[in-house]
Amino acid sequence: MTVIEEGAKKSSVLWLVLDRPRLAWHTWHEGALYVVTGGGEQHLPGLAERRTVEVILRSKDNGARLVTFEADVEVVDQAAEPEPVAALAKERLNALDGEHLTERWAQEATVARLRPRAPSAS
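No experiment lies behind these values; they were computed from the predicted model shown. (Residues numbered from 1 in each chain as written. Predicted model: local features only at pLDDT ≥ 70, side-chain atom pairs only at ≥ 80, totals over all residues. Heavy atoms only, no water.)

A. Structural view of the environment of Trp-25. Looking at the secondary structure, you find Trp-25 in strand β2 (residues 21-25). Taking the C-alpha atoms as reference points, Trp-25 and Gly-39, separated by 14 residues in sequence, lie 15 Å from one another. Contact partners of Trp-25, with chain neighbours within four places excluded, come to Ser-12, Val-13, Tyr-34, Val-35, Val-36, Glu-41, Gln-42, Leu-88, Glu-91, Arg-92 and Trp-105. (Helix = DSSP H or I, 4+ residues; strand = E, 2+ residues; numbered from the N terminus. Contact = heavy atoms within 4.5 Å.)

B. Focus on the pairing of strand β6 (residues 65-75). For strand β5 (residues 52-58) and β6, the ladder comprises 7 bridges, and the chain directions are antiparallel. Each residue of the ladder has a partner; that of Glu-54, found in β6, is Glu-70. The turn joining β5 and β6, which pair antiparallel and follow one another in sequence, is formed by 6 residues; a positive phi near 80° is taken by Gly-63. (Pairing = 2+ DSSP bridges.)

C. The packing of aromatic side chains, seen in detail. Tallying each qualifying case throughout the model produces 1 aromatic pair. Where Trp-25 meets Trp-105, the ring centres are 6.3 Å apart and the plane angle is 35°; that geometry is what we call tilted. Taken together, the residues Trp-25 in strand β2 and Trp-105 in helix α3 (residues 101-108) connect sequence positions 80 residues apart. One exposure class covers both Trp-25 and Trp-105, and it is buried. (Phe/Tyr/Trp six-rings, centres within 6.5 Å; stacked < 30°, edge-to-face > 60°. Buried < 20%, exposed > 50% of the residue type's maximum accessible area, 1.4 Å probe, protein only.)

D. Molecular detail of the pairing of strand β1 (residues 13-17). On β1, burial follows the alternation: Leu-14 and Leu-16 on one face are buried, whereas Val-13, Trp-15 and Val-17 on the facing-out side are not. Strand direction decides the pairing type here: β1 and β2, joined by 5 bridges, are antiparallel. Residue pairing for β2: Leu-14 is matched across the bridge by Ala-24. Relative to β5, β1 runs antiparallel, the two sharing 3 bridges.

Structure (structure tokens):
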């Protein structure tokens, strides 16, 4: 298990460097991070239009920076890829419309896959 996979599985939040560093909740699924933006969910401006994004994972134990890496950004076709969307929905805490969450996302939100590139020194 890589430090990225281990860090992503232990913590449900990460930082994405967009217009500024933004805290985001995520899930790790089959070698990639998944996040949702828009549609009443976390605001990650410009993520869907990017080709890459800098990701920062911190230690769940002490909050120290664990690893920083570039990730390729890909918008997920939610109808064609229900498994990662379901995995992400499972991690969504306190959703008011839990039963219909993925339906709302399909209509109003963007799910993005962040596929890690090689980590840089931190």
